Amino acid sequence: MKRKNLKSVLFLFGITSLSINANTVKNIKNINEDKNSSNKNIQAISSVKKEQKQLQPSNKTAEGYNLNFDVNKNYKTETVKVNGKNITYRAYENIVYVKNPVDINYQTINIYIPEEYFNGKTVGKYNEKTAPIFFPNSVGGYMPGAAGKPEIDKRKGKENASLVALSRGYIVAAAGARGRTLKNEQGNYTGKAPAAIVDLKAAIRYLHYNDKAMPGNAERIVSNGTSAGGALSALLGATGNSKDYEPYLKELGAIDGRDDIFAVSAYCPITNLDNANTAYEWMFNKIKTYKKINISMLDYNVERKYTEGTLTADEISRSDDLKEMFPAYLNSLKLKDKNGKTLTLDKKGNGSFKEQIKKYYIDSANTALAKGTDLSEFEFLTIKNGKVTDLDYDKYIAHMGRQKTPGAFDNVDLSTGENNLFGDKAVDNKHFTKYMLEHSTVNGQIADSKIVKMMNPMYYIGTKGVTTSKYWRIRHGAVDKDTSLAIPAILALKLENLGKNVDFASPWATPHSGDYDLDELFTWIDGIVQ
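Read on for an overview of the structure. Note that the structure is predicted; figures quoted are calculated from it, not measured.

**Thoughts on the overall build of the protein**
Broken down by element type, the protein carries 16 helices and 17 strands. In the protein, buried positions account for 61% of the 530 residues.

**Examining the environment of P101**
Mapped onto the secondary structure, P101 falls in the loop between β4 (85–96) and β5 (108–114). Exposure remark for P101: the relative accessible area of 21% places this residue in the partly exposed category. A C-alpha to C-alpha distance of 9.2 Å links P101 and Y65, two positions 36 residues apart in sequence. The contact partners of P101, leaving out residues within four places of it in the chain, are Y65, V96, Q107 and L252.

**As for the nonpolar core**
Residues I109, I111, F135 and F353 are the most contacted members of the largest nonpolar core, which totals 143 residues. For this core, the element with the most residues is helix α5 (residues 195–209), which contributes nine residues.

**A look at the pattern of salt bridges**
A complete count under the given rule lists 22 salt bridges for this structure. R90 is paired through a salt bridge with E115; the nearest N and O atoms lie 3.2 Å apart. A residue pair is termed long-range when its members are at least 10 positions apart, and R90 in strand β4 and E115 in the loop between β5 and β6 (133–136) qualify at 25 residues. Each member of the salt-bridge network shares a partner with another, and the members are K201, R205, E246 and D259.

**A short note on the packing of aromatic side chains**
If you walk through the whole model with that rule in mind, you get 22 aromatic pairs. Ring centres 6.3 Å apart and planes at 55 degrees place the aromatic pair F326 and F353 in the tilted group. Placement of the pair is F326 in helix α9 (residues 313–333) and F353 in helix α10 (residues 352–370), with a sequence separation of 27 residues. For F326, a relative accessible area of 0% translates into the label buried. Of the residues examined, F353 reaches a relative accessible area of 0% and is grouped as buried. Between Y361 and Y396, the aromatic rings sit 4.6 Å apart at their centres with planes inclined by 50 degrees, giving tilted as the arrangement. You can see Y361 sitting in helix α10 and its partner Y396 sitting in helix α11 (residues 393–400), a full 35 residues away along the chain.

**So, the side chain of T271**
For T271, the location among the structural elements is in the loop between β11 (263–267) and α8 (273–284). T271 sits in the buried class, given a relative accessible area of 3%.

**Remarks on unusual backbone geometry**
Cis peptide bonds are those with omega within 30 degrees of zero, and the linkage from A193 to P194 qualifies with 5 degrees. Residue position: P194 is located in the loop between β9 (171–175) and α5. For the bond from P406 to G407, the omega torsion is -10 degrees, close enough to zero to count as cis. Structurally, the position occupied by G407 is in the loop between α11 and α12 (417–421). In the Ramachandran plot, K334 falls in the positive-phi region, its phi being about 55 degrees despite a non-glycine side chain. Secondary-structure assignment places K334 in the loop between α9 and α10. Looking at K334, the relative accessible area reads 60%, which means it is exposed. The phi torsion at D515 lies on the positive side, around 55 degrees, for a residue other than glycine. In this structure, D515 sits in the loop between β17 (501–505) and α16 (518–528).

**Topic: the sheet that holds strand β10 (residues 221–226)**
Spatial ordering of the open sheet is given by β3-β4-β5-β9-β6-β10-β11-β16-β17, a layout of nine strands whose pairing is mixed. The open sheet is flanked by β3 (76–82) and β17, the only strands paired with a single partner. Geometrically, the sheet is characterised by an average inter-axis angle of 20 degrees between neighbouring strands, direction not taken into account. Note: β4 against β5, six bridges, orientation antiparallel. Opposite V96, over in β5, you have T108 as the bridge partner.

**Here we look at the packing of α8 against α9**
At a minimum axis separation of 7 Å, α8 and α9 run at an interaxial angle of 110 degrees. By the angle class used here, α8 and α9 are roughly perpendicular. Mapping the contact onto sequence places N275, N277, T278, A279, E281 and W282 in α8 and S319, L322, K323, M325, F326 and Y329 in α9. Each residue belonging to the contact of α8 with α9 can be placed in one class, and the counts come to six nonpolar, four polar and two charged.

What counts, and where the lines are drawn
- Residues numbered from 1 in each chain as written.
- Predicted model: local features only at pLDDT ≥ 70, side-chain atom pairs only at ≥ 80, totals over all residues.
- Heavy atoms only, no water.
- Helix = DSSP H or I, 4+ residues; strand = E, 2+ residues; numbered from the N terminus.
- Buried < 20%, exposed > 50% of the residue type's maximum accessible area, 1.4 Å probe, protein only.
- Contact = heavy atoms within 4.5 Å.
- Core = buried A, V, L, I, M, F, W, Y, C linked by side-chain atoms within 4.5 Å.
- Salt bridge = Lys/Arg side-chain N within 4 Å of Asp/Glu carboxyl O.
- Phe/Tyr/Trp six-rings, centres within 6.5 Å; stacked < 30°, edge-to-face > 60°.
- Pairing = 2+ DSSP bridges.
- Axes fitted to C-alpha atoms, helices over the stretch in contact; angles between N-to-C directions.
- Parallel < 35°, antiparallel > 145°, perpendicular 65-115°, else oblique.
- Nonpolar A, V, L, I, M, F, W, Y, C, P; charged D, E, K, R; others polar.

Quick look at the structure:
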């Protein structure tokens with residue numbers, strides 16, 4: 001499969017920054033035909049075979065992997081042009097960050113440092129001691145994500161986030177992580193939950209451990225990710241130093257140290273998975289039609305088609321059940337708005353929390369209006385004196401449309417990428433909610449509740465023994481229908497209620513995507529690292 005065509009497939013699923021390599025091609029059979037059926041439907045693509053090319057670690061010695069960073073070894077100097085200005089940096093690549101890696105193609109970190117910091121110079125407001133560490137991950141769809149590089153995003157024709165970060169004086173530490181489709185030579189799965197978050201934590205520990213040996217400030221690590229990568233970014237920020245992950249980290253031979261981070265940037269995080277089914281149907285229950293994405297292969301070229309359909313009677317029944325379950329969960333959180341008012345829902349799903357979601361959309365429209373966007377075509381908006389004063393919620397949700405069928409994340413036939421995520425070394429797919437287990441059409445098994453917990457930041461925020469990041473920037477596009485806006489909103493509200501500094505927004509007309517406002521992102525980071 002041609003690289004550019006594979007990237008097109010991944011982008012359709014919100015996998016905007018996944019590094020493409022032979023193993024990704026091998027495992028693309030797990031990307032789904034419609035976001036719900038990631039394991040079953042693309043047999044043509046799964047037939048594409050490529051021989052795995054083994055990565056060559058730069059820190060392997062006769063005694064094993066050396067976890068001590070040395071600025072004077074194993075690097076190359078590179079120069080690129082950003083906004084007409086030459087940027088020169090040292091590239092330290094293919095560093096294995098644990099003693100006992102399971103898959104060295106993914107358990108590596110690439111570190112990039114502006115050349116100025118080796119000559120006593122500054123870049124913008126930063127020097128070798130004060131520069132923040134930008135920590136992007138390339139995970140999408142909970143698939144394997146190799147360590148990223150600063151480069152031109154060929155799809156967008158612009159500098160990617162890592163390259164922009166370098167141009168602004170940041171240290172870039174891009175870590176890879178295992179994903180749900182990986183297998184070892186014995187045929188056992190090696191990337192199921194919680195592998196990805198454990199790997200990223202191990203990489204963070206590597207950075208803390210080597211703080212004095214390398215330029216940059218490990219007390220100012222800022223994670224960044226999109227979709228599943230956004231969820232992992234949030235999970236890093238919520239679970240710093242939690243003991244729940246310790247057995248997995250010890251098994252890998254991770255450094256015994258800290259894994260907390262300073263700040264989180266999360267674009268469209270596919271998170272809170274065990275409550276995402278009910279949140280999705282709470283939002284989209286009235287929409288009985290859907291628009292799937294169908295992927296096929298013809299002569300090694302990717303073909304994509306949108307297929308419209310209507311929910312079956314069974315799916316409508318499941319949607320009704322799931323919608324009814326959401327208010328109880330929401331009310332149990334006891335969330336409050338900025339004025340201290342408790343946000344609730346009644347049994348029909350109406351209430352102050354729904355009004356809060358509506359307010360996010362109105363705020364989004366007003367931001368777009370202030371920037372000069374013409375919104376006059378949208379009948380669901382009420383605009384008076386140059387300002388959006390109201391939004392017809394049901395009409396807006398209908399305008400957005402439904403993308404997934406019930407259950408969107410845990411389905412009765414174990415067909416979702418998230419079902420695949422919660423498998424184990426021997427079982428490929430598992431349920432992770434009680435309702436779907438009870439309604440399983442394939443006699444499915446239930447995932448370990450401890451592992452489900454370890455993939456959900458909501459269980460850790462504000463708990464004893466955990467270091468939760470103080471600064472958060474969360475974005476969920478106003479037409480993103482991969483998950484309900486309720487999910488990132490709940491995360492943001494929980495953090496705000498605990499006194500964290502949260503910048504949450506739903507950018508107008510923005511679909512499931514990330515890194516679309518890099519100037520704003522890095523301006524935000526510059527403002528918090530004072």
